[in-house]
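Topology and contacts: notes
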Amino acid sequence: MPGVALEAGARFSLIEAEKIIDSTGDTLDTHGAVEGVFYDATNEKFVLDMVGAATGDRSAEEVTASLCATLPASLPASLPGEIRSADIRLTPESAADGQRGGLRMDTCTSGFSVRNAAGIEGILTVGHCGNTQRYRYYNSSTWVPTSFRSQARNASSDVQWHTRPSNVAHPRFHASSTTATRTVTGRVVRSGQNGDYVCHRGKATGYSCGTVSTISYRPTWDNACNGLTCAATWIRVSGANLKCYPGDGGGPWFNAGRAYGIYKGQSSTGTGTAGCNWAVYMAINYISNINVSLLYG
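Residues numbered from 1 in each chain as written. Predicted model: local features only at pLDDT ≥ 70, side-chain atom pairs only at ≥ 80, totals over all residues. Heavy atoms only, no water.

**Here's the deal with the overall build of the protein chain**
On a plain count of helices and strands, the protein chain comes out with three helices and 20 strands. Of all 297 residues assigned to the protein chain, the portion counted as buried reaches 53%. If you take every contact in the protein chain between residues at least 6 apart in sequence, the share linking residues at least 24 apart comes to 68%. Surface summary for the protein chain: the accessible area is close to 12,100 Å², and the carbon and sulfur share equals 49%. (Helix = DSSP H or I, 4+ residues; strand = E, 2+ residues; numbered from the N terminus. Buried < 20%, exposed > 50% of the residue type's maximum accessible area, 1.4 Å probe, protein only. Contact = heavy atoms within 4.5 Å. Areas by Shrake-Rupley, 256 points an atom, 1.4 Å probe, with all protein chains shown as cover.)

**Focus on the sheet that holds strand 6 (residues 121–125)**
Strand order in this open sheet of five strands is 9-10-6-5-20, and the pairing throughout is antiparallel. Edge positions in the open sheet fall to strand 9 (147–153) and strand 20 (292–294), since each of these has one partner strand only. For this sheet, the mean inter-axis angle between neighbouring strands, taken without regard to orientation, is 35°. Pairing of strand 5 (residues 113–116) with strand 20, which is carried by three bridges, proceeds in the antiparallel orientation. From the neighbouring strand, Asn 116 faces strand 20, where its bridge partner is Val 292. (Pairing = 2+ DSSP bridges. Axes fitted to C-alpha atoms, helices over the stretch in contact; angles between N-to-C directions.)

**Examining the environment of Ala 259**
Of note, Ala 259 is situated in strand 18 (residues 258–268). Placed 24 residues apart in sequence, Ala 259 and Ala 283 show a C-alpha to C-alpha distance of 9.0 Å. Discounting residues that sit within four places of it in the chain, Ala 259 has contacts with Phe 112, Gly 186, Arg 187, Val 188, Trp 253, Ile 284 and Leu 294.

**Digging into unusual backbone geometry**
Positive phi, normally seen in glycine, also occurs at Asn 226, with a value near 60°. Along the polypeptide, Asn 226 turns up in the loop between strand 15 (206–219) and strand 16 (234–238). When its relative accessible area of 38% is taken as the criterion, Asn 226 is described as partly exposed.

**Structural notes on the pairing of strand 1 (residues 34–40)**
Most of strand 1 is tucked away: seven of the seven residues are buried. The sheet contact formed by strand 1 and strand 2 (residues 45–51) spans six bridges and is antiparallel. Counted as the bridge partner of Val 34 is Met 50 from strand 2. Adjacent in sequence and paired antiparallel, strand 1 and strand 2 are bridged by four residues, among which Glu 44 carries a positive phi angle near 55°. By the bridge criterion, two bridges tie strand 1 to strand 15 in an arrangement that is antiparallel.

**Section: the environment of Arg 164**
The topology assignment puts Arg 164 in the loop between strand 10 (158–163) and strand 11 (172–173). Residue Arg 164 is classed as partly exposed on the basis of its relative accessible area of 25%. Put simply, Arg 164 and Val 144 are 20 residues apart on the chain and 7.5 Å apart in space, counted from C-alpha to C-alpha. At 3.4 Å, the side chain of Arg 164 and the side chain of Tyr 137 are in polar contact. (Polar contact = N/O pair within 3.5 Å; in protein donor to acceptor, adjacent residues only side chain to side chain.)

**Considerations on the confidence of the model for the protein chain**
In this model, the protein chain carries a mean pLDDT of 84, and residues with pLDDT of at least 70 account for 85%. Note that residues 97–102 has pLDDT below 50 and, in this model, 45 contacts with residues that lie over four places away or in other chains. (pLDDT = per-residue confidence, 0-100.)

**Some words on the packing of aromatic side chains**
Remark: the centre distance and the inter-plane angle together describe each pair of aromatic rings, the angle taken between the planes. One pass over the structure, following the stated rule, counts 12 aromatic pairs. Geometrically, the ring pair formed by Tyr 39 and Phe 46 is tilted, given 4.8 Å between the ring centres and 50° between the ring planes. Side by side, Tyr 39 and Phe 46 carry an identical accessibility label, which is buried. Between Tyr 207 and Phe 254 the ring centres are 6.3 Å apart and the planes differ by 20°, which places this aromatic pair in the stacked class. (Phe/Tyr/Trp six-rings, centres within 6.5 Å; stacked < 30°, edge-to-face > 60°.)

As structure tokens, then:
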């Protein structure tokens, strides 16, 4: 399967690692410095994203020893030993859900086009977006109203969909250009995304790309999953060329014409590449939780 490497003798399988992460319950969520947790299969270590002075992805060995000793020591003793001995990757900015973005909706992103079982067509956006939205095309000052249909905001989903007045949508999206569009040719489900190179478009930052660092990310920032404990099913992306910022939420994540997911949130200090620490999105297969499917060209 593309994007998945199976290695004999690995310390933990993906399922085992997810069970260990899920066993932490809401303990990490209440620890103010912890923004998320995942298992790095390459180094066979669990990793905590924590707020600190250093930037970028750094292991416990690469940051000041005294600082790394302080952070795990403050974690509750009830956590699994694998989590308490996790590597630390420090980020200077607290993470949060994305807002606004994409095809410039009022307060969120327009994502991929979808249809339900009755054949009604519409557009995706992020679930934590407000239910009253309009959108407008690039180089246009005309706002088009949309109608909220349904949403899923839970441990593994942050997505909603809207219809436009004609109930007609198109299997296209803006990628590297605000004038030309790409056609959706397929999708890649969560299990096939690990290590892939992915891109996104957002209202705040435009077009940029990075590499999937894990397909089993568990956000623990404030209200990340609408009051629920997040599952270890989210996708984390980082990279020197990645841009992310509040305003990108709801936008499409993709590779060429293949749909990967819907933008959820980020750790960021600005709209340029230097300001983006990492971003998080929901895998595209979870749109089934709102009973819609992608439109293909």
